[in-house]
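Report on the structure
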Amino acid sequence: MKYIICMIILFSAIIKKVIFDFDNNADTKDWIVVNDVVMGGKSLGYFKVNNLGHGLFEGSISLENNGGFSSVHYRFDKMEVKEFTKVIIRLKGDGKNYQFRVKSNSNDYYSYIKPFTTTGVWENIEIPLKDMYPSFRGRRLEHPNFSKDYIEEIAFLIANGKNEHFKLLLDKIALE
């Protein structure tokens, strides 16, 4: 009996729930790019699945007309997250800084965010949900960090305050 309990504890510690797994057949119609053009800027980003089956978020950031960001959002049916403590993202970046964002309700005006830096090689980025703080238009809000039971949107955003090209490859996004 002790053996069974130990095995259950061990397996429950490594259980993952996949949010999105990219491959050549991935349906990315619900991945939507939002650039600063919504506010008069001139940044251009796009998203597609490349020929190797990875999500490719790529483009150029422009600071013209008070611009400076590009993002890609993925909305999905409400997903329970209370059993999980972190998001694991398998990705390959370009050495630049990005934000990972979640919303517990896609109609919320703010997101919970966690900045991360890429290294230029394939890596697993681990983002503890409890470390994600609420933010709106680049300003941290005076609300508690993420402690919700559900999410229904994730996003990646680049906004480093400079003109630059960016390229982020995504392989898998999962809860653990």
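Attention here is on the structure that accompanies the text. In this text the structure is predicted, and so the values were computed from the model without any measurement.

**Structural notes on the sheet that holds strand β5 (residues 70–80)**
Spatially, β2-β5-β12-β7-β8-β10-β11 is the arrangement adopted by the seven strands of the open sheet, whose pairing is antiparallel. Two strands in the sheet have a free side with no partner beyond their single neighbour: β2 (31–35) and β11 (139–140). Summarising the sheet, strand β7 (residues 97–103) and strand β8 (residues 111–117) pair through six bridges and their orientation is antiparallel. Bridging from a neighbouring strand, Tyr-98 pairs with Phe-116 of β8.

**A word on the nonpolar core**
The biggest cluster of nonpolar side chains holds 38 residues, and the ones touching the most others in it are Trp-31, Ile-89, Phe-100, Ile-154 and Phe-156. Here this core gets five residues from one element, more than from any other, and that element is strand β13 (residues 164–175). Excluding residues within four positions of it along the chain, Phe-100 makes contact with Val-87, Ile-89, Tyr-112, Ile-113, Lys-114, Phe-116, Ile-127, Met-132, Ile-154, Ala-155 and Phe-156.

**Digging into unusual backbone geometry**
Trans peptide bonds make up most of the peptide bonds, and negative phi angles are found at most residues other than glycine. For Asn-65, which is not glycine, the phi dihedral falls at a positive 55°. One can find Asn-65 in the loop between β4 (55–61) and β5. Overall, the relative accessible area of 45% leaves Asn-65 in the partly exposed class. In this model, Asn-66 sits at a positive phi of 65°, which is unusual for a non-glycine residue. As for its position among the elements, Asn-66 is in the loop between β4 and β5.

**So, the pattern of salt bridges**
Applying the stated criterion across every chain yields a total of ten salt bridges. A salt bridge links Lys-29 to Asp-27; the nearest nitrogen and oxygen atoms lie 3.4 Å apart. Glu-126 serves as the salt-bridge partner of Lys-86, at 3.1 Å between the closest nitrogen and oxygen. Here Lys-86, found in strand β6 (residues 86–92), pairs with Glu-126, found in strand β9 (residues 122–128); they are 40 residues apart in sequence, far enough to count as distant. The network of salt bridges with common partners includes Lys-16, Lys-86, Glu-126 and Glu-176.

**Here's the deal with the packing of aromatic side chains**
Overall, the coordinates contain 16 aromatic pairs when judged by the stated rule. With centroids separated by 5.6 Å and ring planes inclined at 75°, the aromatic side chains of Tyr-110 and Tyr-112 adopt a geometry described as edge-to-face. The exposure classification of Tyr-110 matches that of Tyr-112, with both residues buried. An aromatic cluster of at least three residues, connected via ring pairs, comprises Phe-20, Phe-22, Trp-31, Phe-47, Tyr-74 and Phe-76. Over the face of the ring belonging to Tyr-150 we find Lys-78, whose NZ or CZ atom lies 5.6 Å from the ring centre.

**Re the pairing of β9**
Here β9 shows a buried face lined by Glu-123, Ile-125 and Ile-127 and an unburied face lined by Trp-122, Asn-124, Glu-126 and Pro-128. Inspection of the sheet shows β6 paired to β9 by seven bridges, in the antiparallel sense. In the sheet register, Lys-86 faces β9, and the bridge partner there is Pro-128.

**Here we look at the side chain of Ser-62**
Within the secondary structure, Ser-62 sits in the loop between β4 and β5. In this structure, Ser-62 is in contact with Asp-36, Lys-42, Ser-43, Gly-67, Gly-68 and Asn-163, ignoring residues within four places of it in sequence.

**Here we look at the side chain of Asp-36**
Its place among the elements puts Asp-36 in the loop between β2 and β3 (44–49). At 9.8 Å, Lys-42 is the nearest oppositely charged side chain to Asp-36, a buried residue that forms no salt bridge. Here the side chain of Asp-36 touches Ser-43 through a polar contact of 2.6 Å, side chain to side chain. In this structure the side chain of Asp-36 is engaged in a polar contact, spanning 2.5 Å, whose partner is the backbone nitrogen of Gly-68. Setting aside anything within four residues of it in sequence, one finds Asp-36 in contact with Gly-41, Lys-42, Ser-43, Ser-62, Gly-67, Gly-68 and Phe-69.

Each value, and the rule that gives it
- Residues numbered from 1 in each chain as written.
- Predicted model: local features only at pLDDT ≥ 70, side-chain atom pairs only at ≥ 80, totals over all residues.
- Heavy atoms only, no water.
- Pairing = 2+ DSSP bridges.
- Helix = DSSP H or I, 4+ residues; strand = E, 2+ residues; numbered from the N terminus.
- Core = buried A, V, L, I, M, F, W, Y, C linked by side-chain atoms within 4.5 Å.
- Buried < 20%, exposed > 50% of the residue type's maximum accessible area, 1.4 Å probe, protein only.
- Contact = heavy atoms within 4.5 Å.
- Salt bridge = Lys/Arg side-chain N within 4 Å of Asp/Glu carboxyl O.
- Phe/Tyr/Trp six-rings, centres within 6.5 Å; stacked < 30°, edge-to-face > 60°.
- Lys NZ or Arg CZ within 6 Å of the ring centre and 35° of its normal.
- Lys, Arg positive; Asp, Glu negative; His and termini not counted.
- Polar contact = N/O pair within 3.5 Å; in protein donor to acceptor, adjacent residues only side chain to side chain.

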